[in-house]
Amino acid sequence: EKGGYDTYMLKEIYEQPVALTNTLIGRLHDETGEVNLDINLNPASFKRISIIACGTAYYAGLVGEYLIEQLARVPVEVDVASEYRYRSPLVSEDTLAIVVSQSGETIDTLEALREAKKFGAKTLGVINAKGSSMTRELDDTLYIHAGPEIGVASTKAYTSMVSAFMLLALWLGRARGTLGEDLGRELLHATRELPRLVEEALAPERVEKIKQIAEKYSGARDYLFLGRGVNAPTAFEGALKLKEISYIHAEAYAAGEMKHGPIALIDEHLPVVVVATESFLLEKTISNVQEVRARSGKVIAILSDGDTENARHADDVIYVPHAHEMVSPIVNAVAMQLLAYHTATALGKDVDKPRNLAKSVTVE
Ligand code: M6R
């Protein structure tokens, strides 16, 4: 049932090219640059969007916020469901509430959905599990079609959720007239490339390199993860993944925040994973890397293939295939998953059944 893999988590990591194909299939139209999502909501009918989720799904929502605001120019806020449901959220009929969930059963997210509905919001789900509780209460569901996810640590659901947000951002941007045809088509092509890029990110020599790095630092007590812009959530997700399966303490920050506190943590014992793939902010990220290095921190840089220039600022480099910046979180997440996975296995942890965790959190 694990298809020859040692664990469900590893199987699901390797299923990502197929999962992404299934998220995208039939939804992208090259000729027109349009996406077809079979959503009945009117994309021009709301003035604000609230994204609500927990855990990894919340981090997918943070990428969604970035993509939707950039491409559709609608104000978006992202909330942790357990906070949203109790904070008397400002919701009206021109709010679109988007709930994000792999299981469709997480109680906090379900209750937050009910709260949003009570105040008249239109509701849309980005959901994996067919026919789950949330889908029965939502106005509309954009299924991610990632297939069953058994490993407690979410992997393929995350990358499929982020891809679904790319689709939503394209759909909203085109329908609301904020995304021009040329950029629309460019992003559509970049999105279509994702299964192939993720396949490439999983090439044996790349995985082997990540495994070596994971083993090298597996004795660390703490880890820091940094990223900027659309890849700040990639850092958050990387830290969560490492924590939940390896039990190594990890923190994550938007890289520009480092100098406002966390920089005090840096010494020669602290590995710092920095997402530094192609970006209009790359220069700034590299200067953050230099700040880490100047304080003897150990830099593990995630760089785009061929970036030997910036490799000299790092102690260790994980190269990932070139991707358009807007879809790069999906490719970069794979490196994060593999780093966490191989750290946990190097430490002999049971990755499919991490202590104290359940796959679906149906209690408050
Ligand atoms: O089923 P959901 O997507 O609603 O679950 C949300 C979180 O419980 C989940 O993502 C959790 O954080 C995972 N263990 C992360 O790997």
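Residues numbered from 1 in each chain as written. Predicted model: local features only at pLDDT ≥ 70, side-chain atom pairs only at ≥ 80, totals over all residues. Heavy atoms only, no water.

Draft legend 1. Spotlight on the overall build of the protein chain. Helices and strands together make up the secondary structure of the protein chain, namely 14 helices and twelve strands. Here the protein chain has a C-alpha radius of gyration of 20 Å; the compact-globule value for 364 residues is 21 Å, and the two agree. For the protein chain, buried positions account for 59% of its 364 residues. Considering only contacts within the protein chain whose residues lie at least 6 apart along the sequence, 74% involve residues at least 24 apart. For the protein chain, the accessible area works out to roughly 14,500 Å², and carbon and sulfur atoms hold 49% of it. A distance of 2 Å separates the average location of the 38 positive side-chain charges in the protein chain from that of its 51 negative side-chain charges. (Helix = DSSP H or I, 4+ residues; strand = E, 2+ residues; numbered from the N terminus. Rg over C-alpha atoms; globule rule 2.2 N^0.38 Å. Buried < 20%, exposed > 50% of the residue type's maximum accessible area, 1.4 Å probe, protein only. Contact = heavy atoms within 4.5 Å. Areas by Shrake-Rupley, 256 points an atom, 1.4 Å probe, with all protein chains shown as cover. Lys, Arg positive; Asp, Glu negative; His and termini not counted. Charge placed at Lys NZ, Arg CZ, Asp CG, Glu CD.)

Draft legend 2. Region of interest: the packing of aromatic side chains. Evaluation of the coordinates by the stated rule reveals four aromatic pairs. Their ring planes at 20° and their centres at 5.4 Å tell us that Tyr5 and Tyr14 sit as a pair that is stacked. For Tyr5, a relative accessible area of 32% puts it in the partly exposed group. Taken together, a centroid distance of 5.8 Å and an interplanar angle of 50° make the contact between Tyr59 and Phe236 tilted. One end of the pair, Tyr59, is in helix α3 (residues 55-72); the other, Phe236, is in helix α11 (residues 232-246), and 177 residues separate them in sequence. In textbook terms, an aromatic cluster arises when at least three aromatic residues are bridged by ring pairs, as seen for Tyr58, Tyr59 and Phe236. Above the face of the Tyr247 ring, Arg355 is positioned so that its terminal group lies 3.9 Å from the ring centre. (Phe/Tyr/Trp six-rings, centres within 6.5 Å; stacked < 30°, edge-to-face > 60°. Lys NZ or Arg CZ within 6 Å of the ring centre and 35° of its normal.)

Draft legend 3. Fine view of the site of the ligand. Neighbouring residues of the ligand: 13 residues in total, closest Ser101, Gln102, Ser103, Thr106 and Glu244. One nitrogen or oxygen atom from the main chain of Val152 is found 3.1 Å from a nitrogen atom belonging to the ligand. One of the backbone N or O atoms of Ser154 is found 2.8 Å from an oxygen atom in the ligand. In this structure, the ligand is accommodated by the largest pocket. Broken down by secondary-structure element, the contributors of at least two residues to the shell around the ligand are α3 and α11. The leading source of residues in the shell around the ligand is α3, at three residues. Among the residues forming the shell around the ligand, the class breakdown is four nonpolar, seven polar and two charged. (Near = heavy atom within 4 Å. Polar contact = N/O pair within 3.5 Å; in protein donor to acceptor, adjacent residues only side chain to side chain. 1 Å grid on protein atoms, 1.4 Å probe; cavity = no way out; pocket = protein on both sides within 12 Å on 5 of 7 lines; lining within 4 Å. Sits in = over half its atoms within 2 Å of the grid points. Nonpolar A, V, L, I, M, F, W, Y, C, P; charged D, E, K, R; others polar.)

Draft legend 4. Quick look at the sheet that holds strand β5 (residues 95-101). Strand order in the open sheet formed by five strands is β4-β3-β5-β6-β7, and the pairing between neighbours is parallel. In the strand order of this sheet, the two ends are held by β4 (76-80) and β7 (140-143), each with one partner. Here the strands of the sheet are splayed against their neighbours by 20° on average, with no regard to which way each runs. By the bridge criterion, six bridges tie β5 to strand β6 (residues 122-127) in an arrangement that is parallel. Opposite Ile98, over in β6, you have Leu124 as the bridge partner. α3 rests against β3 (48-53), β4 and β5 of the sheet, and its axis sits at about 175° to β4. (Pairing = 2+ DSSP bridges. Axes fitted to C-alpha atoms, helices over the stretch in contact; angles between N-to-C directions.)

Draft legend 5. Examining the layout of surface pockets more closely. Of the voids in this model, the largest pocket is the one considered here, and its volume is about 530 Å³. For the largest pocket, the lining is made up of 25 residues, of which Cys54, Gly55, Thr56, Lys359 and Val361 are closest to its centre. Considered class by class, the residues forming the lining of the largest pocket number eleven nonpolar, nine polar and five charged. Its volume calculated, the second largest pocket comes out at about 200 Å³. Considering the residues around the second largest pocket, the lining is formed by Arg221, Asp222, Tyr223, Leu224, His249, Glu251, Leu265, Asp267, His269 and Leu270. Examining the composition of the lining of the second largest pocket, we find that three residues originate from one element, strand β8 (residues 222-227), more than from any other. Looking at the lining of the second largest pocket, its residues break down into four nonpolar, two polar and four charged. (Points joined across faces, edges and corners; volume = space filled by probe spheres on them.)

Draft legend 6. Looking closely at unusual backbone geometry. The phi angle at Arg73 is positive, at roughly 50°, despite the residue not being glycine. Here the phi dihedral of Asn356 falls at roughly 65°; this positive angle occurs in a residue that is not glycine. Residue class for Asn356 comes out exposed when judged on its relative accessible area of 78%.

Draft legend 7. Looking closely at the nonpolar core. Ile49, Ile68, Ile98, Leu168, Tyr223 and Phe225 are the most contacted members of the largest nonpolar core, which totals 96 residues. With 13 residues, helix α7 (residues 156-175) is the largest single contributor of residues to this core. Each residue touching Leu168, except ones within four places of it in the same chain, is listed here: Leu37, Ile39, Ile98, Leu124, Val126 and Leu142. Judged by nonpolar contacts, the second largest core, of 20 residues, contains Val272, Val274, Ala301 and Ala311. (Core = buried A, V, L, I, M, F, W, Y, C linked by side-chain atoms within 4.5 Å.)

Draft legend 8. Layout of empty space enclosed by the protein. Following the criterion strictly, the structure yields two cavities of 30 Å³ or more and no others. Considering only enclosed or pocket space, the largest cavity measures out at about 80 Å³ in volume. What lines the largest cavity is Arg228, Asn231, Val275, Ala276, Thr277, Glu278, Ser279, Leu281, Leu282, Thr285 and Glu325. Of the residues that constitute the lining of the largest cavity, the class distribution is four nonpolar, four polar and three charged. Size it by volume and the second largest cavity reaches roughly 40 Å³. If you trace the second largest cavity, you find it lined by Thr277, Glu278, Ser304, Val320, Pro321, Ala323, Ser328, Val331 and Asn332. The dominant element in the lining of the second largest cavity, judged by the number of residues it contributes, is helix α14 (residues 328-346), at three residues. Taken together, the residues of the lining of the second largest cavity break down into four nonpolar, four polar and one charged.

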